[in-house]
Amino acid sequence: MEIVDTLGRPVRDLRISVTDRCNFRCTYCMPKSVFGRDYRFMDRKELLSFEEIERVARSFVRQGVEKIRLTGGEPLLRKDLEVLIARLAEIPGLELTLTTNASLLERKAVALREAGLDRINVSLDSLDDATFRAMNDVDFPVAEVLAGIDAAADVGLEVKVNAVVKQGVNDAGIVAMAAHFRNTGHTLRFIEFMDVGATNGWRMDDVVPAAEIVRRIDEVFPLEPIDPAYSGEVAQRWRYRDGAGEIGVITSVTQPFCGSCTRARISAEGKLYTCLFAVRGTDLRAIVRGGATDEELDLAIGEVWAKRSDRYSELRSEQTVARARVEMSYIGG
Ligand SMILES: C[S@@+](CC[C@H](N)C(=O)[O-])C[C@H]1O[C@@H](n2cnc3c(N)ncnc32)[C@H](O)[C@@H]1O
Ligand code: SF4
């Protein structure tokens, strides 16, 4: 049965975090000062098992979800991820995608494709090696991410490349990225640096507004707007007037899109969050491990969604920025 929340929004898009661990320490996501040697990540038994993830996923699909994205932490660090993908790929009518830092992609692309993955989003913030190494903060070279992108494309995965833009850190490379990905068939999307979590020291001054990103690219490679591919799409789309492809901008800070948000998130330990900026989640793991039937699980999820009224980004203000929030690497970006 299809469900809607208090603002009439259905649930269409589910993000599942499969691990809270990551081999990068992107300064805007898992700064070393917090996620250092002593940080306590979840134990294996705390994570939802593949069987549990599949049960929860099937419940969401019964209630309206059409797209599932696996994320994290770094999802490719989860052992045997392709086994989970193969299970989820069996669910009819579902689009299956993955967001990754691509550090392991060159090695895993074939297995992911064979398991039934449809698409992949690769996070890449700069083509400048020194800038990229500084942003991932583990000295990971850009060339290996580019090799991962090529490997994914070679096996027939549709690739999108996502770049978080931080003022004074990587914004000087925006046009170079556009130049690189024009004519490749890979859609490049720029994401405004968000005030998600409480550890990345977010300030409004660090945000490069999407309109400014578009302006800088348009100056060199003229752009024109295009309509969203589907309702609820979060990226604003632009195409190159010379036919070299398209880019997207994700304007969560300067032009929030809560009104059309159809997204639910599940943390690696099975907590359901109805907003990236939520403070508390609902413990689906306890429900599943407590022996709930499918009907009981559907009811529990449906009840949470029916009560949903989140629209944090539209209400963002000095007060809300100071509010407690869970981390992106935990909730799944
Ligand atoms: C949390 S990561 C998880 C998946 C994978 N490790 C990766 O980096 O693609 C998902 C996405 O969230 C983005 N992200 C993390 N922190 C962010 C922030 N503060 N503002 C905007 N995007 C952020 C990352 O750039 C990445 O594209
Ligand atoms: S953005 Fe992704 S790769 Fe970077 S620290 Fe966060 S989870 Fe890891």
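Everything below is about the structure printed above this text.
Residues numbered from 1 in each chain as written. Chains lettered and ligands numbered in written order. Predicted model: local features only at pLDDT ≥ 70, side-chain atom pairs only at ≥ 80, totals over all residues. Heavy atoms only, no water.

## A few points about the site of ligand 1
Working step 1: In the vicinity of ligand 1 lie 19 residues, with G73, T99, S123, V164 and M194 positioned nearest.
Working step 2: One nitrogen or oxygen atom from the side chain of E74 is found 3.2 Å from a nitrogen atom belonging to ligand 1.
Working step 3: Secondary-structure elements contributing two or more residues to the shell around ligand 1 are β3 (95-100) and β6 (187-192).
Working step 4: Split into classes, the residues belonging to the shell around ligand 1 amount to 8 nonpolar, 9 polar and 2 charged. (Near = heavy atom within 4 Å. Polar contact = N/O pair within 3.5 Å; in protein donor to acceptor, adjacent residues only side chain to side chain. Helix = DSSP H or I, 4+ residues; strand = E, 2+ residues; numbered from the N terminus. Nonpolar A, V, L, I, M, F, W, Y, C, P; charged D, E, K, R; others polar.)

## What about unusual backbone geometry?
Working step 1: The phi angle at D137 is positive, at roughly 60 degrees, despite the residue not being glycine.
Working step 2: Considering the arrangement of structural elements, one finds D137 in the loop between α4 (129-136) and α5 (142-154).
Working step 3: Accessibility expressed as a relative area gives 26% for D137, which makes it partly exposed.
Working step 4: Unusually for a residue other than glycine, D139 sits at a positive phi of about 65 degrees.
Working step 5: Considering the arrangement of structural elements, one finds D139 in the loop between α4 and α5. (Buried < 20%, exposed > 50% of the residue type's maximum accessible area, 1.4 Å probe, protein only.)

## Some words on the sheet that holds strand β1 (residues 13-17)
The pairing of strands in a sheet happens through backbone hydrogen bonds and is either parallel or antiparallel.
Working step 1: Strand order in the open sheet formed by 12 strands is β7-β8-β9-β6-β5-β4-β3-β2-β1-β10-β11-β12, and the pairing between neighbours is mixed. Looking at which strands have only one partner, the edges of the open sheet turn out to be β7 (223-226) and β12 (282-283).
Working step 2: Bridge count for β6 against strand β9 (residues 246-250) is 4 bridges, and the pairing is parallel. Each residue of the ladder has a partner; that of L188, found in β9, is I247. (Pairing = 2+ DSSP bridges.)

## Remarks on the nonpolar core
Working step 1: Within the largest apolar cluster, 104 residues are counted, with the highest numbers of intra-cluster contacts made by F60, L70, F190 and I217.
Working step 2: Look past the residues within four positions of F190 in its chain and what remains in contact with it is A163, V165, I174, M177, I213, I217, G248, V249 and I250. (Core = buried A, V, L, I, M, F, W, Y, C linked by side-chain atoms within 4.5 Å. Contact = heavy atoms within 4.5 Å.)

## Remarks on helix α1 (residues 50-62)
Side chains of residues three or four places apart in an α-helix project in the same direction, reflecting 3.6 residues per turn.
Working step 1: Taking 1.5 Å per residue as the helical rise, α1 with its 13 residues ought to reach 18 Å, and the 18 Å between its terminal C-alpha atoms agrees with that figure.
Working step 2: All of the buried residues along α1 are F50, E52, I53, E54, V56, A57, S59 and F60. (Expected span 1.5 Å × (residues − 1).)

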